[in-house]
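One-letter residues, chain by chain:
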Amino acid sequence: MQLSLPHAFPRFSFPFFSRPAGLPKTPTRPGLAVWGLALWLASVGNLPLWQRIDALGGSPAQRLLLIAGMGAVIAAALVVLLSLLAWRRVFRPVATGLLLVTAFNTHFMWQYGVVIDPTMLANALHTDAHEVRDLLSWTMPGTVLLVAGLPLWALWRRPLALRRAWPQAGRNLLGALSALALLVAAALLSYQGLASLMRNHKDLRYMANPLNTVYAGARLAVDQLPRQVRPLQPVGEDAKLGASYARQQRPPLLVLVIGETARAQNFGLNGYARQTTPGLARWQAQGDLVNFGQVSSCGTNTQVSLPCIFSPLTRTQGGDKTPEHENLLDVLQRAGLAVLWVDNQSGCKGVCDRMQHANANDHAVPGLCEGSECFDAAMLDGLDQRIDALDPQRRARGVVLVMHQMGSHGPAYAHRAPENRKLFLPECRSIRLSDCPHEQLVNAYDNSIAYTDSFLDQTLQWLKARADRGSEDTGLIYVSDHGESLGENGLYLHGVPYAIAPVQQTRVPMVGWFSKGLQQRAGLSMGCLRGRADQPISHDHIFHSVLGLMDVQTRVHQPALDALLPCGSAA
Ligand SMILES: [Zn+2]
């Protein structure tokens, strides 16, 4: 590609950098500047990242492959970005900004071990002069010189042969598209290693300079600002408790268990070749538990699925987008019920912001918590006291308790079940999933499913005991947030875009258990539910089914999306 325009150049250069007399310098070709800068930023500009990956262990070849794969992805992404910004009077100032941002990021990563995410950037933007002075040190100029010195000199030494608007637009687009193709190829080639690495070391994604800062800036601009302008849309403002509450002997207590990374096909209840759900199978045999066999998730990752499960919108209506509406819990609370969220994961993604919430590791439960991580059964510890502590007036009407599991969160499946509860051995202990024999990987995953079964079994025993002693009419709905790939078609983990996601990532297990008291109260026929249990439903149905089951009356309740309604009498 011939990009130089030697004769046109001097008119366009910045006056203070152009040569005062004599022959004009040969301008730098924009392609060279874009690629040179991208390669420099991806390599030298990411020294802390490469040091971090190198320190994670593994063989030298594995580390080199990871660094090469990630380096290629970062470089290609930078070429896309820089190509789109290759305009006269724009490119060099922007490039200078990116170099300085990268240099300062490097300094703070080395000095303080920080990573750059939207929260960090927002904090940085609110830093005052006093705090800035505290952060300055004599090593900073050295780092800035090392990271930004040479490329800044090269960038400003000569002008760039950039054309006028229209011809340049074509070139920029072509440059960006070819780099995009490279980016996709590099990402696909190194998907397995990188996906596993990223899931286990989430901070790494915030170490990719200067994309971390570009991303954080864009997120702050797009996400935070409009939300401040546009407040959360209220939902179900007319919500009130139905007639069943006026005549109730006991309040209802519904537990919603939100599973993590459990896929339907490894669930014993769904006909899996090995019995991974012996506990639930016993409850099913007793007749009060129904297994929903054809349930689709809303997304293929927690960030999308979790808010969507509680959203009044269906997936196709935008339930899978950043929530702008209140959710199921707001409606239940508004109707007058007590709502409590107990978390054993990385938080509720905004769903429980306006509710009372607690974390499993608030008090480390001996034998169930180690460090900041707990097995799911830790959520049951002290649960009676947590419920007793809820607002007494609301509690007298009824309680909805959400438990957010750690479930089968990967890639360290082996960490999800205590050693004395491993049913399937030997199991994969590595987080590099492709290193393990397939059957050991499946063993580790199935052990995590079997542990979820045991956790649900314990929860059901607790609920049954409360129902038996007449405290409440109890029930439980369990549904997983999304599935998981265990090496099928070379895919691991989850998060594949929904439209192309394999069924392993989108088909999730779901069960419902209802005490006799709750069945009576809601007029539920278990025989009818069992007969309809293999009808296809999805996360879209949770919002409406819970409102129906809890007899909360509101215009937003859509009978067509209430999976229990055909088998119940509207109370
Ligand atoms: Zn998840």
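Residues numbered from 1 in each chain as written. Predicted model: local features only at pLDDT ≥ 70, side-chain atom pairs only at ≥ 80, totals over all residues. Heavy atoms only, no water.

Asks: Outline the pairing of strand β2 (residues 252-259), supporting the account with residue identities and numerical values.
Replies: Judged by how many residues are buried, β2 sits mostly within the fold: 8 of 8 residues are covered. Covered by surrounding structure in β2 are Pro252, Leu254, Leu256 and Ile258 together with Leu253, Val255, Val257 and Gly259, the residues of both alternating faces. Both β2 and strand β9 (residues 473-480) contribute to a ladder of 8 bridges, which runs parallel. Looking at β9, one finds that isoleucine 258 is bridged to valine 479. Bridge analysis of β2 against strand β8 (residues 399-404) gives 6 bridges, and the strand direction is parallel. Among the inter-strand pairings, valine 257 is bridged to a residue of β8, identified as methionine 403. (Buried < 20%, exposed > 50% of the residue type's maximum accessible area, 1.4 Å probe, protein only. Helix = DSSP H or I, 4+ residues; strand = E, 2+ residues; numbered from the N terminus. Pairing = 2+ DSSP bridges.)

Asks: I'd love a proper account of the sheet that holds strand β3 (residues 289-296), names of residues and values included.
Replies: Spatial ordering of the open sheet is given by β5-β4-β8-β2-β9-β12-β3-β13, a layout of 8 strands whose pairing is mixed. In this open sheet, the two edge strands, each paired with only one partner strand, are β5 (356-359) and β13 (537-538). The pairing of β9 with strand β12 (residues 507-514) spans 5 bridges and is antiparallel. Following the sheet pairing, isoleucine 477 is matched in β12 by glycine 512. Helix-sheet contacts for helix α17 (residues 438-468) involve β2, β3, β8, β9 and β12, and the interaxial angle to β9 is about 165°. (Contact = heavy atoms within 4.5 Å. Axes fitted to C-alpha atoms, helices over the stretch in contact; angles between N-to-C directions.)

Asks: Any details on the coordination of the zinc ion? Residues and values, ideally.
Replies: Coordination of the zinc ion by the protein involves Glu260 (OE), Glu260 (OE), Thr302 (OG1), Asp481 (OD) and His482 (NE2), with metal-donor separations of 1.9 to 2.6 Å. One chain supplies every donor to the zinc ion, and in sequence these donors are spaced E-x41-T-x178-D-H. Of the two residues, threonine 302 sits in helix α12 (residues 302-310) while histidine 482 sits in the loop between β9 and β10 (485-486), which places them 180 residues apart along the sequence. With a relative accessible area of 9%, threonine 302 lands in the buried category. (Donors = N, O, S within 2.8 Å, 3.2 Å for Na, K, Ca; no water.)

Asks: Just give me the short version of the state of the cysteines, but keep the residues and values in it.
Replies: Cysteine pairs can be covalently joined through their sulfur atoms, and such a bond is termed a disulfide. Under the definition given, this model contains 5 disulfides. Paired by a disulfide, cysteine 298 and cysteine 308 hold their sulfur atoms 2.1 Å apart. In this structure, the disulfide formed by cysteine 298 and cysteine 308 twists by about 80° around the S-S bond and is classed as right-handed. Of the two residues, cysteine 298 sits in the loop between β3 and α12 while cysteine 308 sits in helix α12, which places them 10 residues apart along the sequence. Neither residue differs from the other here; cysteine 298 and cysteine 308 are each classed as buried. What pairs with cysteine 428 in a disulfide is cysteine 436, and their sulfur atoms sit 2.1 Å apart. A torsion of 70° about the S-S bond marks the disulfide between cysteine 428 and cysteine 436 as right-handed. With respect to class, cysteine 428 is no different from cysteine 436; both count as buried. (Disulfide = S-S within 2.5 Å.)

Asks: Any details on the pattern of salt bridges? Residues and values, ideally.
Replies: If you walk through the whole model with that rule in mind, you get 18 salt bridges. Put simply, glutamate 326 and arginine 334 hold a salt bridge, and the shortest N to O gap is 2.9 Å. The exposure class assigned to glutamate 326 is buried, which follows from its relative accessible area of 11%. (Salt bridge = Lys/Arg side-chain N within 4 Å of Asp/Glu carboxyl O.)

Asks: Let's hear about the packing of aromatic side chains: which residues, and what values?
Replies: In total, this model carries 5 aromatic pairs according to the counting rule given. On the basis of an interplanar angle of 5° and a centroid distance of 6.0 Å, the ring pair of phenylalanine 267 and tyrosine 478 is categorised as stacked. Placement of the pair is phenylalanine 267 in the loop between β2 and α11 (278-286) and tyrosine 478 in strand β9, with a sequence separation of 211 residues. Across this residue pair, the class does not change: phenylalanine 267 and tyrosine 478 are buried. Plain terms: the ring middles of phenylalanine 375 and tyrosine 451 are 5.9 Å apart, the flat faces sit at 65° to each other, and that makes the pair edge-to-face. Of this pair, phenylalanine 375 sits in the loop between β7 (373-374) and α15 (383-388) while tyrosine 451 sits in helix α17, placing them 76 residues apart in sequence. Side by side, phenylalanine 375 and tyrosine 451 carry an identical accessibility label, which is buried. A cation over a ring is seen here: arginine 263 above tyrosine 445, with NZ or CZ 5.9 Å from the ring centre. The ring of tyrosine 245 has arginine 521 sitting right over it, with the charged end atom 4.8 Å from the ring centre. (Phe/Tyr/Trp six-rings, centres within 6.5 Å; stacked < 30°, edge-to-face > 60°. Lys NZ or Arg CZ within 6 Å of the ring centre and 35° of its normal.)

Asks: Report on α11, specifying residues and quantitative values.
Replies: In an α-helix, one turn spans 3.6 residues; hence positions three or four apart end up facing the same way. Considered for burial, the residues of α11 that qualify are Gly279, Leu280 and Trp283. Around the axis of α11, the buried residues are gathered within 95° of arc, so they sit on the same side. Elements that come into contact with the buried residues of α11 comprise β3, α17 and β12. In the segment just after α11, glycine 287 is the residue with positive phi, at about 100°. (Arc of directions from axis to C-beta.)

Asks: Give a description of the side chain of threonine 314 that names residues and reports values.
Replies: Looking at the secondary structure, you find threonine 314 in the loop between α12 and α13 (315-319). The contacts of threonine 314, once residues within four sequence positions are left out, are Gly319, Asp540 and Leu561.

Asks: Describe in detail the pairing of β8, supporting the description with residues and values.
Replies: For β8, the buried fraction is high: 6 of the 6 residues fall into the buried class. Here β8 shows a buried face lined by Val399, Leu401 and Met403 and a second buried face lined by Val400, Val402 and His404. Pairing of strand β4 (residues 338-343) with β8, which is carried by 6 bridges, proceeds in the parallel orientation. Paired with valine 339 across the strands is valine 400, a residue of β8.

Asks: Provide a residue-level description of the confidence of the model for the protein chain, including the pertinent values.
Replies: This prediction gives the protein chain a mean pLDDT of 88; 89% of its residues lie at or above 70. Across residues 1-19, where pLDDT falls below 50, the model places 31 contacts with residues more than four positions away in sequence or in other chains. (pLDDT = per-residue confidence, 0-100.)

Asks: An account of the environment of leucine 456 is needed here, citing residue identities and associated values.
Replies: Inspection of the secondary structure assignment puts leucine 456 in helix α17. Classification of leucine 456 as buried rests on a relative accessible area of 0%. Measuring from C-alpha to C-alpha, the distance between leucine 456 and leucine 476 comes to 9.1 Å, with 20 residues separating the pair along the chain. Each residue touching leucine 456, except ones within four places of it in the same chain, is listed here: Val257, Leu280 and Tyr478.

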